[in-house]
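Coordinates in review
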Amino acid sequence: MRPIVLRGGRVLDIAGHRAEPADVLIDGETIRQLGPPGMAVPAEAQVVDAAHRLLMPGLVNAHTHGHGSLAKGLGDRWSLELLLNAGPWVGGSRTLEDKYLAAKINAVEMVRKGCTAAYDLYVEYPLPTVEGLEAVARAYQEVGMRVVVAPMMADRLFYEAIPGLMESLPKSLRARVEQVRAAPYEESVAACRQVLEHWPFDRGKAALALAPTIPLHCSDAFIVACRDLAAEYGVGLHMHLAESKAQAVSGIKRYGKTLTAHLDGLGFLGPNFTGAHCVWLTDEDIQRLGDNGASVAHNPGSNLRLGSGIAPARAMLEGKVNLAIGTDASHCSDNQNMFEAVRLASFVSRVGSPETQSWLSTAEVLSAATEGGARTLGMGDAIGRLAPEYQADIVLLDLNHVNYLPCNDPTNQIVHSEDSSAVDGVMIAGRMVLQDGRFTTLDLEQLRRDAESATERLRGATADSKELALMLEEHVGRYCVGLGREHYPINRWVSG
Ligand SMILES: [Zn+2]
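A brief structural summary. The residue numbering used here restarts from 1 in each chain and proceeds along that chain's sequence as written. Confidence filtering applies because this is a predicted model: local features only for residues at pLDDT of at least 70, side-chain atom pairs given and counted only at 80 or more, and all residues used for totals across whole chains, interfaces and linings. Water and hydrogen atoms were dropped before computing side-chain values, which therefore reflect all heavy atoms in the structure.

**A closer look at the overall build of the protein chain**
Counting secondary structure elements, the protein chain contains 19 helices and 19 strands. Note on method: radius of gyration uses C-alpha positions; expected globular size equals 2.2 Å times residues raised to 0.38. Against the compact-globule benchmark of 23 Å for 496 residues, the protein chain has a radius of gyration of 22 Å, which places it among compact chains. Along the longest, intermediate and shortest principal axes, the C-alpha atoms of the protein chain span 75 × 50 × 40 Å. Relative accessibility thresholds used throughout: buried, under 20% of the residue-type maximum; exposed, over 50%; partly exposed, between the two (1.4 Å probe, protein chains only). Going through the 496 residues of the protein chain one by one, you find that 59% of them count as buried. Should any heavy atoms of two residues lie within 4.5 Å, those residues are considered in contact. Of all intrachain contacts in the protein chain linking residues separated by at least 6 positions in sequence, the fraction that spans at least 24 positions is 78%. Surface accessibility follows the Shrake-Rupley procedure with a 1.4 Å probe radius. Residue values consider only the protein chains on display as shielding. As displayed, the protein chain offers around 18,900 Å² of accessible surface, 50% of which is attributable to carbon and sulfur atoms. The averaged location of the 60 negative side-chain charges in the protein chain is 3 Å from the averaged location of its 46 positive side-chain charges. Strands here mean DSSP runs of E at least two residues long; helices mean DSSP runs of H or I at least four residues long; both are numbered from the N terminus. When charges are counted, Lys and Arg contribute as positive and Asp and Glu as negative, whereas His and the chain ends are disregarded. Lysine's charge is taken at NZ, arginine's at CZ, aspartate's at CG and glutamate's at CD.

**With respect to the packing of aromatic side chains**
Only Phe, Tyr and Trp rings are paired, with Trp represented by its six-membered ring, and only when their centres lie within 6.5 Å; those with planes under 30 degrees apart are stacked, over 60 edge-to-face, the remainder tilted. For the structure on display, the rule yields seven aromatic pairs. Centre to centre, the rings of Phe-158 and Tyr-159 are 5.1 Å apart; their planes meet at 65°, and the pair counts as edge-to-face. A relative accessible area of 10% places Tyr-159 in the buried class. One aromatic cluster in this structure is built from Trp-280, Tyr-488 and Trp-493.

**Some points on unusual backbone geometry**
That bond from Tyr-125 to Pro-126 is cis: its omega, 0°, falls within 30 degrees of zero. Residue position: Pro-126 is located in the loop between β9 (115-123) and α4 (130-143). Between Ser-333 and Asp-334 the backbone carries a cis peptide bond, its omega angle lying at -20°. Of note, Asp-334 is situated in the loop between β15 (322-325) and α15 (338-348). A positive phi angle is found at His-52, which is not glycine, with a value near 60°. Mapped onto the fold, His-52 is located in the loop between β6 (46-49) and β7 (53-57). With phi around 50°, Cys-278 is a residue other than glycine that occupies positive phi space.

**A word on the coordination of the zinc ion**
Coordination partners: N, O, S within 2.8 Å of the metal, 3.2 Å for Na, K and Ca; water not considered, so apparent gaps in a site are possible. Coordination sphere of the zinc ion, protein contribution only: His-63 (NE2), His-65 (NE2), His-240 (NE2) and Asp-328 (OD), at 2.1 to 2.8 Å. Square planar and octahedral assignments, for four and six donors respectively, both demand that opposite donors be over 155 degrees apart and that all other angles lie between 65 and 115; tetrahedral needs four donors with all angles between 85 and 135 degrees, and anything else is irregular. Its four donor atoms give the zinc ion angles of 81 to 170° at the centre, a pattern that matches the irregular case. Counting the intervening residues between successive donors of the zinc ion yields the motif H-x1-H-x174-H-x87-D. Of this pair, His-63 sits in strand β8 (residues 59-64) while Asp-328 is found in the loop between β15 and α15, placing the two residues 265 residues apart along the sequence. Overall, the relative accessible area of 3% leaves Asp-328 in the buried class.

**As for helix α19 (residues 463-485)**
If you check α19, its first and last C-alpha atoms are 33 Å apart, about what 23 residues at 1.5 Å a residue would give, namely 33 Å. The angle separating two fitted axes, one through the seven residues that finish at a residue and one through the seven that start at it, defines the bend at that residue. At Glu-473, α19 shows its strongest bend, of approximately 40°. Buried residues of α19: Leu-468, Ala-469, Leu-472, His-475, Val-476, Gly-477, Cys-480, Leu-483 and Gly-484, and no others. In this fold, the buried residues of α19 make contact with α1 (80-85), α2 (87-91), α5 (158-161), α6 (165-168), α7 (171-178) and α10 (245-255). To estimate the expected span of a helix, count its residues, drop one, and scale the result by 1.5 Å.

**Here's the deal with the environment of Leu-82**
Its location among the elements puts Leu-82 in helix α1. With 390 residues separating them along the chain, Leu-82 and Leu-472 place their C-alpha atoms 8.9 Å apart. In this structure Leu-82 touches Arg-77, Glu-473, Val-476 and Gly-477, once residues within four positions along its chain are discounted.

**Looking at the sheet that holds strand β18 (residues 431-435)**
Taken in spatial order, the seven strands make up an open sheet running β3-β2-β7-β16-β17-β18-β19, and their pairing is mixed. In the strand order of this sheet, the two ends are held by β3 (18-21) and β19 (438-439), each with one partner. Strand pairing is assigned whenever DSSP identifies at least 2 bridges connecting the two strands. Two strands pair when backbone bridges link them, and strand β2 (residues 10-13) and β7 are joined in this way by two bridges, in the parallel orientation. Across the sheet, residue Val-11 finds its bridge partner in β7, namely Leu-55.

**Topic: the packing of helix α3 (residues 96-112) against helix α18 (residues 444-461)**
Whenever a helix is involved, its axis is fitted only over the stretch in contact; in every case the axis is a line through C-alpha atoms, and angles between N-to-C directions fall within 0 to 180 degrees. Here α3 crosses α18 at 130°, and the two axes come no closer than 10 Å. Put simply, α3 runs oblique to α18. As for how α3 packs across α18, the hand of that crossing is left-handed. Note on element contacts: α18 touches α3 through Leu-444, Leu-447, Asp-450, Ala-451, Ala-454, Arg-457 and Leu-458, opposite Asp-98, Leu-101, Lys-104, Ile-105 and Val-108. Among the residues forming the contact of α3 with α18, the class breakdown is eight nonpolar, no polar and four charged. Working rule for angles: under 35 degrees goes down as roughly parallel, over 145 as roughly antiparallel, 65 to 115 as roughly perpendicular, anything else as oblique. A crossing counts as left-handed when the near helix is turned anticlockwise from the far one by less than a right angle, and as right-handed when that turn is clockwise. Three categories are distinguished: nonpolar for Ala, Val, Leu, Ile, Met, Phe, Trp, Tyr, Cys and Pro, charged for Asp, Glu, Lys and Arg, and polar for the others, with Gly belonging to the last.

**Points about the nonpolar core**
Counting 132 residues, the largest nonpolar core has Phe-273, Leu-289 and Leu-397 as the members making the most contacts within it. Among the elements that take part in this core, α3 stands out by supplying nine residues, more than any other. How far each domain reaches was decided by an automatic or database domain assignment. Formed jointly, this core draws a minimum of three residues from each of two domains, domain 1 (4-57 + 386-439) and domain 2 (59-376). Buried Ala, Val, Leu, Ile, Met, Phe, Trp, Tyr and Cys residues that are joined via side-chain atoms within 4.5 Å together make up what is termed a nonpolar core. Core analysis: the next-biggest nonpolar cluster, separate from the first, contains 16 residues, Ile-4, Val-11, Ala-50 and Leu-396 among them.

**Considerations on the side chain of Asn-335**
Looking at where Asn-335 falls in the secondary structure, it is placed in the loop between β15 and α15. Between N or O atoms, a polar contact is any pair within 3.5 Å; within protein, one atom must be a potential hydrogen donor and the other a potential acceptor, and residues adjacent in sequence are included only when both atoms are from side chains. Of note is the side chain of Asn-335, whose polar atom sits 3.1 Å from the backbone nitrogen of Asn-337. For Asn-335, the side chain forms a polar contact with the side chain of Glu-340, separated by 3.3 Å. Once residues lying within four places of it in the same chain are set aside, the contact partners of Asn-335 are Glu-109, Lys-113, Thr-327, Asp-328, Ser-330 and Glu-340.

**Topic: the pairing of strand β16 (residues 394-398)**
Counting buried residues along β16, five of its five residues qualify, which places the element largely inside the surrounding structure. Burial of the side chains of β16 extends over both faces: Ile-394, Leu-396 and Asp-398 are buried on one face and Val-395 and Leu-397 on the other. As paired elements, β7 and β16 share five bridges and run antiparallel to each other. Each residue of the ladder has a partner; that of Met-56, found in β16, is Val-395.

Here's what the structure looks like:
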């Protein structure tokens, strides 16, 4: 492959709030050199015109669910618990082709909106499969996007996970719910081992991790088995943690301690651990995560949409937690726009206190969405920065776009003005995946047709699950709102 030189662009300096003119030489997948405009490059280098383009590191989505893309917009006034109640409806009855298609749509939206790598917690019912996970990774590879795929698993149903919920349901509904059983954890662990053993992809581009979904949904034996399997294969662990108040209160009921303290007690927290959401953390919980070198995937859009609360991001930074930003799934946020996620991360940091010094700065947010995210993926020394020897994951923003008329401060404007509409080019591992606003890797018209026929079929296949979910909604809602009214030592809602 010929080297590439991006000529005439301006390279973002996040901390410096500047974008100075510079050329970038890319050899294969790697950035070799950043230098002054017109710098000497090998004669065979292919010149790519980057005039009037702002070059920034690709955004890293630290928490998404590829299966969610086909369920975009299905819900409205759902709390987290009502979303989980709707799980079999919004994510069930998927064929292998559906799994591939959902991941592909997710990847397409992320790349189109300036994101070059993602941590995808992908669910398959009742348990992960080799074919399913490989189809997901293949979808990302075909779009040209980097991914860590983590099978999302549970050995308890949602109705068993929340103490007292199953017993609170009317008899007839309870009988229907009890017909479904979660897979025994040994089967999920065995499937993961098989996938880890025979993974056919380049792990720098499509890696694996493990995601026992939520502490309450997983037996301790399952959590420990995932911990050990991750250690054996050197992969990451990702779990939803203290996302809603109902979960936080249920954690105390089940474990007699916070969810984070429980995971710490199981030896689950470490540098390879990412906690998603982490809204209802106590100061001690933040300390536990920081002391263990853990990461948090902060999902402000999803936390707002599900009414989960505002995560204490400033306290996490102070506690030396690695902060990253995610969109969460399209069935709860309802898009894959990392520019929106960074803007929300900035904005929600400002509603809890009039102390401006406690708010997240635009540079802090953008670092979290690039370098912070790269660390959660276990790729902190390969992506997240535009620097020599880093992978060439570069987003080109059109400086002629009205978002930059005028360009006063690129860092502030990327976080507070950009909505992804100025994304003009996306390079991943040295390959232009999006050029002049168009994909070089796929046929969007075909994707649209596939999405339409899949959703048409899924509407029929999930009709019974939908009916049951809607009947349960009132009961689940009432019970979990009750949990939300119980005492908890902290409050993460703006008005409690
Ligand atoms: Zn999630």
